[in-house]
Amino acid sequence: MTGKIHSLESFGTVDGPGVRYVVFFQGCPMRCRYCHNPDTWELSDGRDIEVTEIIDNITRNSSFYETGGITATGGEPMLQMDFLTELFRRATEKRIHTCLDTSGIMYQPENVLMQKKTDELLSYTNLVLLDIKHMDADEHKKLTGQDNGNVFQFAKYLDKKGIPVWIRHVVVPGITDDENELTALGEFMRTLSNIEKLEVLPYHSMGRVKYENLGIPYPLEGTPQLTKAEAARAEAVILSLAN
């Protein structure tokens, strides 16, 4: 099976536990204003890669990934559900730990076929890194161009299925660093029993050069980068309500 892939990273250390083989999927339905990978947005821009090639790359260097595994990120991996599922199925056969980094935006519980496909995918998924962009529905749409209702439904479904989750939240000055936003996230996390970790990701502007190369304006021009102290404060607020 062939998928549209943006790039492959053979030594990832920030996308799940241990050293990981990271597959950056091409294509994303969201247009997050702080996105640092705008070159992954268009599905047609990806490179055709077969599942076998990726699995062979991992098994050839399996000693590197004994404490890690494979992470599917993007872009939005669930946009290519069939390819993603086949990749994780083959990885599971090889006893490779599988990690899905997703926004959850593609979850469609009202679609019987997609729900069935989601269940199959999750049967081969060891860990989900769930990127929660914004808790407020209106602000989420301003930030990403999409509603967030399905994101919360996906989080609850992962809890129901007992899939371990790490919550990821990018904290952007003036957008997602508001006390109400952080409080709401903490309170939502407290309703879930499968959360293993919170990762507060400080906003940075290192992706600006990609926008320049693509000839599109950088949406957050002038927004200051988040300091380590500000990130620590945001994490403390969230965790104070999550536990």
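Whatever comes next refers back to the structure up there.
Remember, it's a predicted structure, so these values are computed and weren't measured experimentally.

A.B. asks: Explain the pattern of salt bridges to me, please; I cannot follow it from the model alone.
C.D. replies: Any two side chains of opposite charge can pair, so long as their charged atoms come close to each other. Taken as a whole and judged by the stated rule, the model has 15 salt bridges. Taking the shortest distance from any N to any O, the salt bridge between R168 and D101 comes out at 3.2 Å. Pair noted here: R168 is in strand β7 (residues 165–171) and D101 is in strand β5 (residues 98–102), with a separation of 67 residues, a long-range link. Of the charged contacts, one joins K197 and E199 as a salt bridge, the two residues approaching to 3.7 Å between their closest N and O atoms. On the basis of relative accessible area, K197 is assigned to the partly exposed category, the value being 37%. Beyond isolated ion pairs, a larger network of salt bridges with shared partners links D15, D101, R168, K197 and E199.

A.B. asks: Would you mind going over the sheet that holds strand β8 (residues 195–202) with me for this structure?
C.D. replies: Taken in spatial order, the eight strands line up as β3-β1-β2-β4-β5-β6-β7-β8 in an open sheet, and their pairing is mixed. Every interior strand has two partners, whereas the edge strands, β3 (47–50) and β8, have only one. Each neighbouring strand pair of the sheet contributes to a mean axis angle of 30°, computed without reference to strand direction. Summarising the sheet, β7 and β8 pair through seven bridges and their orientation is parallel. The residue bridging V171 from the neighbouring strand is P202, located in β8. Across the sheet, helix α8 (residues 228–242) lies against β7 and β8, angled at about 150° from β8, the strand it touches most.

Conventions and cut-offs
- Residues numbered from 1 in each chain as written.
- Predicted model: local features only at pLDDT ≥ 70, side-chain atom pairs only at ≥ 80, totals over all residues.
- Heavy atoms only, no water.
- Salt bridge = Lys/Arg side-chain N within 4 Å of Asp/Glu carboxyl O.
- Helix = DSSP H or I, 4+ residues; strand = E, 2+ residues; numbered from the N terminus.
- Buried < 20%, exposed > 50% of the residue type's maximum accessible area, 1.4 Å probe, protein only.
- Pairing = 2+ DSSP bridges.
- Axes fitted to C-alpha atoms, helices over the stretch in contact; angles between N-to-C directions.
- Contact = heavy atoms within 4.5 Å.

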